[in-house]
Amino acid sequence: MKTIGLFYGSETGNTENAASMIAAQLGEGNVVLHNISECDAQSLLSYDNIILGASTWGFGELQSDWENFLPGFDELDLTGKTVAFFGLGDQVNYADVFLDAMGTIYEKVVERGGQPIGAWPADGYDFSASTAVVDGYFVGLALDADNQDDMTPDRIGSWVAGIQGQLQ
Ligand SMILES: Cc1cc2nc3c(=O)[nH]c(=O)nc-3n(C[C@H](O)[C@H](O)[C@H](O)COP(=O)(O)O)c2cc1C
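Residues numbered from 1 in each chain as written. Predicted model: local features only at pLDDT ≥ 70, side-chain atom pairs only at ≥ 80, totals over all residues. Heavy atoms only, no water.

Asks: Just give me the short version of the overall build of the chain, but keep the residues and values in it.
Replies: Scanning the chain from N- to C-terminus turns up four helices and ten strands. At 14 Å, the chain has a C-alpha radius of gyration in line with the 15 Å of a compact globule built from 168 residues. For the C-alpha atoms alone, the extent of the chain along its principal axes is close to 40 × 30 × 30 Å. Looking at the 168 residues of the chain, the share that counts as buried comes to 51%. The contacts in the chain between residues at least 6 apart in sequence include a share of 78% that link residues at least 24 apart. Surface summary for the chain: the accessible area is close to 7400 Å², and the carbon and sulfur share equals 44%. Distance between charge centroids for the chain: 13 Å, based on 5 positive and 25 negative side chains. (Helix = DSSP H or I, 4+ residues; strand = E, 2+ residues; numbered from the N terminus. Rg over C-alpha atoms; globule rule 2.2 N^0.38 Å. Buried < 20%, exposed > 50% of the residue type's maximum accessible area, 1.4 Å probe, protein only. Contact = heavy atoms within 4.5 Å. Areas by Shrake-Rupley, 256 points an atom, 1.4 Å probe, with all protein chains shown as cover. Lys, Arg positive; Asp, Glu negative; His and termini not counted. Charge placed at Lys NZ, Arg CZ, Asp CG, Glu CD.)

Asks: Give me the lowdown on the packing of helix α1 (residues 14-26) against helix α4 (residues 152-164), citing residues and values where you can.
Replies: The interhelical angle for the contact between α1 and α4, taken along N-to-C directions, is 50°, at an axis separation of 10 Å. Classified by the angle between their axes, α1 and α4 sit oblique to one another. By crossing handedness, the relation of α1 to α4 is classed as right-handed. Residues Ala18, Met21, Ile22, Gln25 and Leu26 of α1 lie in contact with α4, whose contacting residues are Thr152, Pro153, Ile156, Gly157, Trp159, Val160 and Gln164. Partitioned by chemical class, the residues of the contact of α1 with α4 number eight nonpolar, four polar and no charged. (Axes fitted to C-alpha atoms, helices over the stretch in contact; angles between N-to-C directions. Parallel < 35°, antiparallel > 145°, perpendicular 65-115°, else oblique. Left-handed = near helix turned anticlockwise from the far one by under 90°. Nonpolar A, V, L, I, M, F, W, Y, C, P; charged D, E, K, R; others polar.)

Asks: Hey, could you go over the nonpolar core for me, with residue numbers and the actual values?
Replies: The biggest cluster of nonpolar side chains holds 52 residues, and the ones touching the most others in it are Ile22, Ile51, Leu52, Trp66, Phe73, Phe86 and Phe138. Mapped by element, the contributors of at least two residues to this core are β1 (4-9), α1, β3 (49-57), α2 (64-69), β5 (82-88), α3 (100-111), β10 (141-143) and α4. (Core = buried A, V, L, I, M, F, W, Y, C linked by side-chain atoms within 4.5 Å.)

Asks: Before we move on, could you go through unusual backbone geometry and cite the residues and values that matter?
Replies: The residue Leu99 is not glycine, and still its phi comes out positive at about 65°. Locating Leu99 in the fold gives a position in the loop between β5 and α3.

Structure (structure tokens):
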């Protein structure tokens, strides 16, 4: 398996924490972690396997580092890149816009030619609407550190096991 570039943005540390747990599951030697506040979108091109992690802020908006990072995707050709997503959100207080940032990022990656992997069942969550749901599945791993933090380790374990065979 080739090296995976894991890029995340995090306001209060929840996404950063999930990123570390995902890296541990994949095996530290297989993953390079990037806080997107310290790099630009061109850095993605160093990897054929990419994982993108984002929390949602405002009302269905991107986390602030992602606001700066995502516009750079317009300069990228992601053809041939395998891309997995994970998102952090709050399904209780933001039930109408749960994990919308993950949906926004997914759309941009597909527009730029990336091959998405790692769709995740929407069962076990209680929310009203999310742009991160396509054809009944989340486009990536859905995590809620505010309301279901105890489920995070198992969710990460199953999701990582699922994507491992799809990485290049
Ligand atoms: C002011 C504020 C706005 C938020 N807006 C959303 C939102 O629109 N949708 C959502 O799913 N979660 C929302 N959340 C929840 C965060 O995404 C969640 O707490 C996440 O774990 C934060 O991760 P981070 O610390 O990595 O940024 C919001 C939280 C706060 C405090």
